[in-house]
Amino acid sequence: MPVWKKLSAVAATLVLSGCLVPSIHPLYTPQDLVFDQALLGSWVDGDETWTFTQNEGHGYDLTIVEDDETARLRAHLLDLDGRRFLDLYPEDPDCDKCWYFLLMLPVHTFCGVSVHGDTLGLAPLSSDWFEEKSQAGELEIAHELRDDQIILTADTKSLQVFILEVADMAFGETEILLRSDGANQ
């Protein structure tokens, strides 16, 4: 099976199993985007390596390698009222007739981000928190529930207001990655 099919299947499994909170719309507008040189380079946590390179404009190309599998994403760093977030979106696979991929719905995922020297902190939205709020009827953001998976459907501005309101509660445990490329930003 081609790598892009494997990665699409893994991503679909993660989304459908509730490990991620996907969004139809991005968390950023062009005015919210920032670029931070300190994010560039490779970061590791065990067998997982995240490598950020600059792409055109205010974005990053992100390559994640884990257990000999490679995923390529577009990453946008944004600043909302002094808080930084990453908006991750799958990159199109290099193939002309990817029927499997065409049937998948590409979605955005968000995480809080901090860079301090040689340490990168990433805190994804907590699917448990969203599920708990949804079950209690307290999830006050446009969303759909499909196969027990919450999919955010709110527009970008509504997402931004909501995320800032719940940022201290809605993000999960911070994953720490260490710089592996020797650069000290």
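Please read all numbers here as calculations on a predicted model, not as lab measurements. (Residues numbered from 1 in each chain as written. Predicted model: local features only at pLDDT ≥ 70, side-chain atom pairs only at ≥ 80, totals over all residues. Heavy atoms only, no water.)

1. Here we look at the overall build of the protein chain
Inference 1: A count of helical and extended segments in the protein chain gives four helices and 10 strands.
Inference 2: Starting at the N terminus and walking to the C terminus, you meet the elements of the protein chain as α-β-β-β-β-β-α-β-β-α-β-β-α-β.
Inference 3: In the protein chain, which comprises 185 residues, the share counted as buried stands at 42%.
Inference 4: Partitioning the contacts of the protein chain with sequence separation of at least 6, the portion at a separation of at least 24 is 60%.
Inference 5: Accessible area of the protein chain: about 10400 Å², with a carbon and sulfur share of 50%. (Helix = DSSP H or I, 4+ residues; strand = E, 2+ residues; numbered from the N terminus. Buried < 20%, exposed > 50% of the residue type's maximum accessible area, 1.4 Å probe, protein only. Contact = heavy atoms within 4.5 Å. Areas by Shrake-Rupley, 256 points an atom, 1.4 Å probe, with all protein chains shown as cover.)

2. Overview of a negative patch on the surface
Inference 1: The grouping of Asp-45, Asp-47, Glu-66, Asp-67 and Asp-68 at the surface amounts to a negative patch.
Inference 2: Turning to its location among the elements, Asp-67 is positioned in the loop between strand S3 (59-66) and strand S4 (69-80).
Inference 3: Classification of Asp-67 by relative accessible area gives exposed; the value is 52%. (Patch = residues over 30% accessible without salt bridge, like charges linked within 9 Å, V, L, I, M, F, W, Y side chains within 5 Å. Salt bridge = Lys/Arg side-chain N within 4 Å of Asp/Glu carboxyl O. Lys, Arg positive; Asp, Glu negative; His and termini not counted. Charge placed at Lys NZ, Arg CZ, Asp CG, Glu CD.)

3. Topic: the packing of aromatic side chains
Inference 1: Applying the stated rule across the entire model yields seven aromatic pairs.
Inference 2: An aromatic cluster is defined as three or more aromatic residues linked by ring pairs; in this entry it consists of Phe-35, Trp-50, Phe-52 and Tyr-60. (Phe/Tyr/Trp six-rings, centres within 6.5 Å; stacked < 30°, edge-to-face > 60°.)

4. Quick word on the environment of Ala-142
Inference 1: Residue placement: Ala-142 occurs in the loop between helix H3 (127-135) and strand S8 (143-146).
Inference 2: Separated by 10 residues in the primary sequence, Ala-142 and Leu-152 have C-alpha atoms spaced 6.2 Å apart.

5. A closer look at the nonpolar core
Across soluble globular proteins, nonpolar side chains have a tendency to be buried as a group.
Inference 1: Ranked by size, the top nonpolar core spans 24 residues in total, and within it Leu-27, Leu-125, Phe-130, Leu-152 and Phe-162 carry the most contacts.
Inference 2: Of all the elements in the fold, those that place two or more residues in this core are S4, H3, strand S9 (149-152) and helix H4 (156-170).
Inference 3: At six residues, H4 tops the list of elements feeding residues into this core.
Inference 4: Counting 19 residues, the second largest nonpolar core, distinct from the first, contains Phe-52, Tyr-60, Ala-75 and Cys-111. (Core = buried A, V, L, I, M, F, W, Y, C linked by side-chain atoms within 4.5 Å.)

6. A word on the sheet that holds strand S7 (residues 119-124)
The strands that make up a sheet are held in pairs by hydrogen bonds between backbone atoms, and each pair lies either parallel or antiparallel.
Inference 1: Spatially, eight strands are ordered S1-S2-S3-S4-S5-S6-S7-S10 in a closed barrel, and the strand pairing comes out antiparallel. For this sheet, the mean inter-axis angle between neighbouring strands, taken without regard to orientation, is 35 degrees.
Inference 2: Where S7 meets strand S10 (residues 175-179), four bridges bridge the pair, whose relative direction is antiparallel. What sits directly across from Thr-119, in S10, is Leu-178.
Inference 3: Set on the sheet, H4 makes contact with S4, strand S5 (83-90), strand S6 (109-116) and S7; between it and S5 the angle comes to about 110 degrees. (Pairing = 2+ DSSP bridges. Axes fitted to C-alpha atoms, helices over the stretch in contact; angles between N-to-C directions.)

7. Observations concerning the confidence of the model for the protein chain
Inference 1: Counting all residues, the mean pLDDT for the protein chain is 85, and 81% of those residues have values of 70 or more.
Inference 2: The lowest-confidence element of the protein chain is helix H1 (residues 3-16), averaging 38 in pLDDT; the highest-confidence one is H4, averaging 97.
Inference 3: Within the model, the stretch residues 1-18 combines pLDDT values under 50 with 28 contacts to residues more than four positions away or in other chains. (pLDDT = per-residue confidence, 0-100.)

8. Points about H3
Inference 1: Buried within H3 are the following residues: Ser-127, Trp-129, Phe-130 and Lys-133. The buried residues of H3 occupy an angular sector of 160 degrees when projected down its axis, which confines them to one face. Exposed residues pointing more than 90 degrees away from the buried face of H3 are listed as Asp-128, Glu-132 and Gln-135.
Inference 2: In this fold, the buried residues of H3 make contact with S9 and H4.
Inference 3: Directly after H3, the chain includes Gly-137, whose backbone phi takes a positive value near 70 degrees. (Arc of directions from axis to C-beta.)

9. Describing the pairing of strand S1 (residues 41-45)
Inference 1: Pairing between S1 and strand S2 (residues 48-54): five bridges, direction antiparallel. By the bridge assignment, Ser-42 is partnered in S2 with Thr-51.
Inference 2: Here S1 folds back onto S2, and the loop between the two strands holds two residues, one of which, Gly-46, carries a positive phi near 65 degrees.
Inference 3: Relative to S10, S1 runs antiparallel, the two being bridged by two bridges. What sits directly across from Trp-43, in S10, is Arg-179.

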